[in-house]
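Structural characterization, general
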Amino acid sequence: MLNLLLSRLATAIPSIVGVVVVTFMLTRLLPGDPAAYFAGLAASPQAIAEIRHNLGLDKSLPEQFVAYVGDLLHGNLGNSLSTGQPVVAEIATRLPASAELTLFALIVAVAIAIPLGVLAAVKQGTWIDHLCRVVTTAGVSLPVFFTGLLFAYVFYYLLQWAPAPTGRIDVFLSPPTHITGFYLIDSALTGNLEAFWGALRQLALPAISMAIFSLAPLARMTRGSMLAVLGSDFIRTARASGLSPRTVIFTYAFRNAVLPVITTLGMVFSFLLGANVLVETVFAWPGIGLYAVNALITSDYAPVQGFVLTMAILYVALNLTIDFVYGLVDPRVRLDS
Amino acid sequence: MKRRSFIKTTAVAGAAATTAPAIWSAAKAQARNETLLLITESPPNSMDIQGVGTNRPSYEVSWNTYDRLITYGVKKDANGNDHYDYRKLEPELATDWNVTPTSATFKLRKGAKFHDGTPITAKDVKWSFDRAVSVGGFPTFQMKAGSLEKPEQFVAVDDNTFRIDFLRVDKLTMPDIGVPVPVIMNSGLCKKHATEKDPWALEWLKNNLAAGGAYKIERWQPGQEVVFMRNDDWKNGPLPKIKRVIRRIIPSAGNRRALLERGDADISFDLPPKDFAELAKSPKLTVIGTAIENAMIYLGMNVNQKPFDNVKVRQAVAWALPYQQIMDSVMFGRALPLFGGADNLSKGTYWPQKDGYRTDIPKAKALMAAAGYPDGFETTLSFDLGMASTNEPLTILVQESLKQIGIKATINKIPGANWRGELLKKSLPMIANAFGGWLNYPEYFFFWCYHGQNAVFNTMGYKNPKMDALIDKARFTTGAEYDALVKGFIDIAFEEVPRVPIFQPLLDVAMQKNITGYRYWFHRQLDYRQLVKS
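Residues numbered from 1 in each chain as written. Chains lettered and ligands numbered in written order. Predicted model: local features only at pLDDT ≥ 70, side-chain atom pairs only at ≥ 80, totals over all residues.

Comments concerning the overall build of chain A
- Helix and strand counts for chain A stand at 15 helices and zero strands.
- Along the longest, intermediate and shortest principal axes, the C-alpha atoms of chain A span 85 × 55 × 40 Å.
- Relative to its 337 residues, chain A shows a buried fraction of 43%.
- Here the contacts in chain A between residues at least 6 apart in sequence split such that 70% fall between residues at least 24 apart. (Helix = DSSP H or I, 4+ residues; strand = E, 2+ residues; numbered from the N terminus. Buried ≥ 20, exposed ≤ 12 C-beta atoms within 10 Å, placed from the backbone. Contact = placed C-beta atoms within 7 Å.)

What follows is the structure, given as structure tokens:
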């Protein structure tokens, strides 16, 4: 197991090096002059040149690259020009916000998608199978920002069931004491019920809009993979041996069918984490996607590089985790390594 | 994969969502009454107005947390709303001042203190003014607009007396001391955080206040919110009525409107014109629109390129723009027209004002023929994507209209980050753009936008020695001579039309009915100090 992990880690290093080089080059090659942008309204050419010098943009590309890598090795991702803060600190506060939202959405999605997929496979061709088909098609056809806007309009504006879409916590509540950066966990740990309830209410609508979107791949994958397993020889044998349908489905079939579902889960998670910009915009969620897009619009290099790098590392970590979970679920993977 | 534990946790969470009762503390209702919730689109990036690349929302933070020596008075505008008065200077940190042709001497308020309790002295004022003219970039530039250029000009006479020696007689010197840039900083505190490489503590002041103004900062979450708390020991003006101000970022314009309409937010500036037009009709909210002084949205033509080097072509374009359509279907009436006057002669020394152009296609066609382009030509029409909400529909209407006189304009959308760079190159043939100046003097606008010094805002590359002479002279004269000079350069601008004024934008703000005391400021940011929430 350890060997597997180490060999995976080794293969990850070249991809991270590649990401560092590519992000550096991309942000430099794109049109746009941050010095002109940040020089402000009444800037003279001298003022712009001064800012360019302060930002180190008047140096040659290789020099800039060496400086960048040197900073990286010291854990310094630079400063964001548009928020004025160190990128590391910003990502550290924003990543938990995105992660909390994404994880919560994923939990909701899994809680609905897996039972639905299993039932649809077991009772193939019945109403529940059709329901599964309708739900997944609808879910994947509705873009997240659309469901988000619709939900905000119906449940906040019209019905007043949901709280105002103002971010992670009600404006008049103080955020819970920082422990993990996940508001639900932090407020639960400190016994701050008001903050917990406030954070949960804020989380509900954006999480459900994201869950609806991620339902589809999970349910379809569960159904397909269950169908394949249910049709295989060992299930027929198990049934013939008179095992209860419950044991057959959960102990034998589901455990074997779950591997591709885990892969899909990993993909959906990483996709959601980076691509939930639109939900973050609609619900004023101070997440990492919104941060990256704002930085891109203003040609703010450092946050863009920091974002891409973080996401790359996250993908690598996620793939490692999935490999590890594979091993837990399926002993054959352990033996292969 | 622990399927069961997954299901268990979600079941618990689901139950909590449906059955848990609302837990409201009594303190929360109280806090809501004393707190102003301002919702907006963009966050401040610094607390230091003199820093590198400080953005407009930061001006608001600085304006409310720092003091300046003097400020501006107030008057009622035509609609009965409070409007700062650029003719009236009033005390802030300075209680009175004496201006001679060579210097101005300020008496500082006794007992005024910084947030940390240190008394404010003339030494702090001197340090702050020195900093503003030394750090470079925008602040130094703005100081220069009022002939405030060198540290030697600033003298701390004694603890309570501060003197500015003039380099030349400039009528913008005194007004320039009331703009957001020359804030008074706690020099002792700043020096503690200054380093050899950074003598003006730029790094530290970006994230920290060294201020003595009406509000302190309770919490700042960059990119999300700033929470202000009233400074109860503030002496430099009447104590503000509002105890706390939360400035929260809501990125979606639709949600900003929903929050206002539901009464969950108190005040917002950042809505599209259509929303303001609709909200103005609703009885639930107060909408105040104030014409932005010295500002306009215009169509600029590059006079150094064919065919716009020909004044007849520029006039043809000015006669062909769909002015009224733009007012109705782009601005929904939330702007003041700068077209359709009686003729192209100036009607006074105010700016901007209406020119004599209106939509007259036959006249435009005749001018095109006279210019030698009876069949028109092809060109591009560019705008800044950062202003797409108004400039995209505007350019589409212009494109349609120009087609009628044979000009085929391709629309070129330029991302905000590149826009400034493109303007600097001065190679775009035709642009739709905006400009606004802080100081409300026509010659100030013309100095930036029409003068042959060719500043970045002279986007047309326009150069006319006759006009330059008028502008230069107007900066340093007064009375009847001044009036004649201003009328002179306005007449030239209308006749030569390197830029076609379209409309003067409004600064719209929507607020709950129980919010009063809103005041328009030239810097277009919200001043919390005069607001009242009942």
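Focus on the sheet that holds strand 7 (residues 161-165) of chain B
Residues and elements named next belong to chain B.
- If you trace the four strands from one edge of the open sheet to the other, you get 4-5-7-6, paired in antiparallel fashion. A strand with exactly one partner marks an edge of an open sheet, and here the two such strands are strand 4 (94-99) and strand 6 (154-158). Put simply, the sheet's adjacent strands are angled 20 degrees from each other on average, direction ignored.
- Where strand 4 meets strand 5 (residues 103-108), five bridges bridge the pair, whose relative direction is antiparallel. (Pairing = 2+ DSSP bridges. Axes fitted to C-alpha atoms, helices over the stretch in contact; angles between N-to-C directions.)

Describing the domain arrangement of chain A
Residue and element names in this part refer to chain A.
- Along its sequence, chain A is organised into domain 1 (2-73) and domain 2 (91-169 + 208-336).
- Measuring from the centre of the C-alpha atoms in domain 1 to the corresponding centre in domain 2 gives 33 Å.
- Every contact between the two is made by 14 residues of domain 1 and, on the other side, 13 residues of domain 2.
- Put simply, the parts of the chain that give the side of domain 1 that touches domain 2 at least two residues each are helix 1 (2-29) and helix 2 (34-38). (Domains from an automatic or database assignment.)

A look at the pairing of strand 1 (residues 35-40) of chain B
All names here are of chain B.
- Of all six residues in strand 1, five are buried; the element is thus mostly enclosed.
- Two elements, strand 1 and strand 10 (residues 244-249), share six bridges in a ladder whose sense is parallel. Each bridged residue has a counterpart across the sheet, and for Thr 40 the counterpart in strand 10 is Ile 249.
- For strand 1 and strand 11 (residues 267-268), the ladder comprises two bridges, and the chain directions are parallel. Looking across to strand 11, one finds that Ile 39 is bridged to Ser 268.

Some thoughts on the sheet that holds strand 3 (residues 82-91) of chain B
Residues and elements named next belong to chain B.
- What the three strands build is an open sheet, ordered 2-3-20; its pairing is mixed. Strands with a single pairing partner mark the edges of an open sheet, and in this sheet they are strand 2 (70-76) and strand 20 (519-520).
- The sheet contact formed by strand 3 and strand 20 spans two bridges and is parallel. Bridged to His 83 within strand 20 is Tyr 520.

Observations regarding the nonpolar core
- Core analysis: the biggest nonpolar cluster contains 224 residues, and Ala 105 and Leu 218 of chain A together with Phe 489 and Ile 502 of chain B have the highest contact counts within it.
- Of the residues forming this core, the biggest block, 20 residues, is contributed by helix 9 (residues 193-230) of chain A.
- Those residues within four positions of Phe 489 of chain B in sequence are excluded, and the remaining contacts are Phe 446, Met 467, Leu 470 and Ile 471 of chain B.
- Within the second largest apolar cluster, eight residues are counted, among which are Ala 35, Ala 36, Ile 48 and Leu 55 of chain A. (Core = buried A, V, L, I, M, F, W, Y, C linked by C-beta atoms within 7 Å.)

Topic: the pairing of strand 12 (residues 285-291) of chain B
Residue and element names in this part refer to chain B.
- Burial analysis of strand 12 places five of its seven residues in the buried class, which makes it a mostly covered element.
- In terms of strand pairing, strand 12 meets strand 18 (residues 499-512) through seven bridges, oriented antiparallel. Residue Val 287 lies in a different strand from strand 18, and its bridge partner there is Ala 510.

Digging into unusual backbone geometry
Residue and element names in this part refer to chain B.
- Residues Lys 306 and Pro 307 are joined by a peptide bond in cis, for which omega reads -5 degrees.
- Positionally, Pro 307 belongs in the loop between strand 13 (295-301) and helix 11 (311-320).
- Put simply, Trp 351 and Pro 352 share a cis peptide bond, and its omega is 0 degrees.
- Looking at where Pro 352 falls in the secondary structure, it is placed in the loop between strand 14 (335-337) and helix 13 (361-370).
- Within the chain, Phe 332 stands out as a residue other than glycine whose phi angle is a positive 50 degrees.
- Tracing the chain through its elements places Phe 332 in the loop between helix 12 (323-330) and strand 14.
- What makes Phe 332 partly exposed here is the crowd of 16 C-beta atoms within 10 Å.
- Here the phi dihedral of Lys 426 falls at roughly 55 degrees; this positive angle occurs in a residue that is not glycine.
- Inspection of the secondary structure puts Lys 426 in the loop between helix 15 (416-425) and strand 17 (430-436).
- In this structure Lys 426 comes out as partly exposed when scored by C-beta crowding, with 15 C-beta atoms within 10 Å.

Observations regarding helix 5 (residues 137-144) of chain B
- Every buried residue of helix 5 of chain B is accounted for by Gly 137, Phe 138, Pro 139, Gln 142 and Met 143 of chain B.
- Tucked into the core, helix 5 of chain B has its buried residues touching helix 3 (45-54) of chain A together with helix 4 (122-134) and helix 6 (173-177) of chain B.

Some details on the environment of Phe 24 of chain A
Residues and elements named next belong to chain A.
- In this structure, Phe 24 sits in helix 1.
- You can call Phe 24 partly exposed: it has 19 C-beta atoms within 10 Å.
- Sequence separation between Phe 24 and Leu 6 is 18 residues, and the spatial gap between their C-alpha atoms is 28 Å.
- Not counting the four nearest positions on each side in its chain, Phe 24 is found in contact with Phe 65, Tyr 68 and Gln 305.

Focus: the packing of helix 5 (residues 87-122) of chain A against helix 9 of chain A
Residue and element names in this part refer to chain A.
- It is the contact of helix 5 with helix 9, at a shortest axis distance of 6 Å, that shows an interaxial angle of 35 degrees. Our pair here, helix 5 against helix 9, has a crossing hand that is right-handed.
- Among the residues forming the contact of helix 5 with helix 9, the class breakdown is 26 nonpolar, three polar and one charged. (Left-handed = near helix turned anticlockwise from the far one by under 90°. Nonpolar A, V, L, I, M, F, W, Y, C, P; charged D, E, K, R; others polar.)

Examining the packing of helix 17 (residues 465-475) of chain B against helix 18 (residues 479-496) of chain B
Residues and elements named next belong to chain B.
- Two elements in contact, helix 17 and helix 18, have axes whose closest approach is 9 Å; the angle formed by their N-to-C orientations is 150 degrees. Here helix 17 runs over helix 18; the crossing is left-handed. Residues Lys 466, Met 467, Leu 470, Ile 471, Lys 473 and Ala 474 of helix 17 form the contact with helix 18, whose own contacting residues are Tyr 482, Leu 485, Val 486, Gly 488, Phe 489 and Ile 492.
- A class-by-class count of the residues in the contact of helix 17 with helix 18 yields nine nonpolar, one polar and two charged.

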